[in-house]
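Listed below are the residues making up each chain.
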Amino acid sequence: MRFREEIMTFATRCGTLAMALGLSALMTPLATAQEKHKVFLSMSYIGNDWQAEASNMVKAMAASAGLKDKVDLEVQVAGPNAQRQIQQINAMVQAGADAIIVYPISPTALNQVVKNACAKGVKIVAYDAEITEPCAYNITIDQAEAGRRTAEWLADRLGGKGNIVLVTGVPGTSVDTARTAAAKEVFAKFPDIKVVGEAVGMWSQAVARTELSKLLATRNWDGIDGLWMQVGCYTANAMQLEAGHTAEQLKPCAGEGSNGGRIQMLPAGTEVEGADGPYAPLGAPRISYASPPYSGAYALKLAVEMLDGKTDVPQHTTLPLPIVTNETVKLCETGSWDEMKNGCNAFKPSIVANPGWFASIFSEEPPEVGLNAALVSQPEQ
């Protein structure tokens, strides 16, 4: 009798254990599904409007409906210091990163730390600037094309002759290197085009003003026929107005896609809400290009897709190069996603107060981000 009771007790315990194991097996996939991908944003130099805007759009992408339950995003800033960025990426890997979105200060300096991260299964996606380590994914425009096309526009506008000033970007980045080299190659074909001043602008309107002021200490505006600036055309136009030049006397400028610069490109006299002073339609002769600040958000989206099993992501994604001229600049009335899809590419000062803010924010690839993403890190609804 006692033997039968022991057998029944053993069977009951086995059944309870089996049930517990079964419940555990059922619950494990659910728990796993609720875990978020640990993703880091590694930024280098951030002292300009573009970097702030790109960071906003990455944060908006992480907060979007499709990713908010999948991504735990942490942002770290290294500044223009490759060694510090290397140290931070090492720490990210040790902290359990699943993916790292990177704005690299150098195309080569991060290669070893990136290679080590890849070996541990971490997805590394660089945006705008490149990483040359083969395991990294890169999302950029054709930076050489940007330098070449803008330089060709300026040379054509000047009729192949004149004195020009060059204001470059952040030294050491693949972006600055490729753009500047391509532009100088174009100008070298025109023996009557003379580079009479060159300065490092750090992609900042404020730095551009400082550097132009230094150049103008030895040469006034009458000794300059045109400008090629990675960032600063808006500021250069403002400085000319401050010096007493009229809108008709503004020098042609090949440069960035700042909203202030694009508003200045609109025909003089165009009524634009909030326009005032230099932040107003001037008919300024311009070609405006941009590395779209949505590239970081797109990098995050692709990284999460790869973590979720997507296998056909190319190692290098080349984004379309946004080019706007006086003939193609178009004012947005509200800045809605649909309006941008229909071709508007400049925003009223009443909507975007900062003239240095970059206007090339639209792409159909990441529909999760639009105007509010760039301004205040809010995704599209």
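Remark: helix H7 (residues 205–216) packs on helix H8 (residues 233–242), axes separated minimally by 9 Å, with the N-to-C direction vectors making an angle of 50 degrees. The pairing of H7 with H8 is recorded here as oblique in orientation. Crossing of H7 against H8: the hand is right-handed. Counting all contacts with H7, which are made through Gln205, Arg209, Leu212, Ser213 and Leu216, the residues of H8 involved are Tyr234, Thr235, Ala236, Ala238, Met239 and Glu242. Across the contact of H7 with H8, the residue classes break down as six nonpolar, three polar and two charged.

All right, on to the environment of Ala290 then. Structurally, Ala290 can be placed in the loop between strand E10 (286–289) and helix H10 (295–307). Assessed through its relative accessible area of 1%, Ala290 is described here as buried. Among residues more than four places away in sequence, those in contact with Ala290 are Ile141, Gly257, Leu321, Pro322, Phe358 and Ser360.

Looking at the protein, the pLDDT average stands at 92 and 91% of residues meet or exceed 70. Here residues 1–33 scores under 50 on pLDDT; set against residues more than four positions off or in separate chains, the count is zero contacts.

This part covers the pairing of strand E6 (residues 161–168). For E6, a buried count of six out of eight residues is recorded, marking the element as mostly surrounded by other parts of the structure. With eight bridges connecting them, E6 and strand E7 (residues 192–200) associate as parallel partners. In the sheet register, Asn163 faces E7, and the bridge partner there is Lys194. Chirality of the crossover, the property in question, places the unit of E6, helix H6 (residues 174–187) and E7 among those that are right-handed. Bridge count between E6 and strand E8 (residues 226–229): four bridges; the pairing is parallel. When the bridges of E8 are listed, Ile164 appears paired with Gly226.

Parameters and conventions
Position numbers for residues start from 1 in each chain and track the written sequence from start to end. Where local features are concerned, this predicted model is filtered to residues with pLDDT of at least 70; where side-chain atom pairs are given and counted, the filter is 80 or more; whole-chain, interface and lining totals use all residues. Derived side-chain values reflect all non-hydrogen atoms in the structure, with water molecules and hydrogen atoms excluded from consideration. Each axis is a line fitted through C-alpha atoms, and for a helix only the stretch in contact is used; angles between axes span 0 to 180 degrees, taken between their N-to-C directions. Comment: elements are numbered from the N terminus, with helices defined as DSSP H or I runs of at least four residues and strands as E runs of at least two. With respect to orientation, any angle under 35 degrees is reported as roughly parallel, any angle over 145 as roughly antiparallel, any angle of 65 to 115 as roughly perpendicular, and every other angle as oblique. Left-handed is the label given to a crossing in which the near helix is rotated counterclockwise from the far helix by less than a right angle, and right-handed is the label when the rotation is clockwise. Note on contacts: a residue pair qualifies if any of its non-hydrogen atoms lie within 4.5 Å across the two residues. Here the term charged refers only to Asp, Glu, Lys and Arg, the term nonpolar to Ala, Val, Leu, Ile, Met, Phe, Trp, Tyr, Cys and Pro, and the term polar to all other amino acids, Gly among them. Under the scheme applied here, a residue whose accessible area is under 20% of the maximum for its type counts as buried, over 50% as exposed, and between as partly exposed, the area being computed with a 1.4 Å probe on protein chains only. Values of pLDDT, which run from 0 to 100, indicate the predictor's confidence residue by residue. Pairing between strands requires that DSSP locate at least two bridges from one strand to the other. The crossover handedness rule: strands pointing away from the viewer, path from first strand over the helix to second strand clockwise, crossover right-handed.

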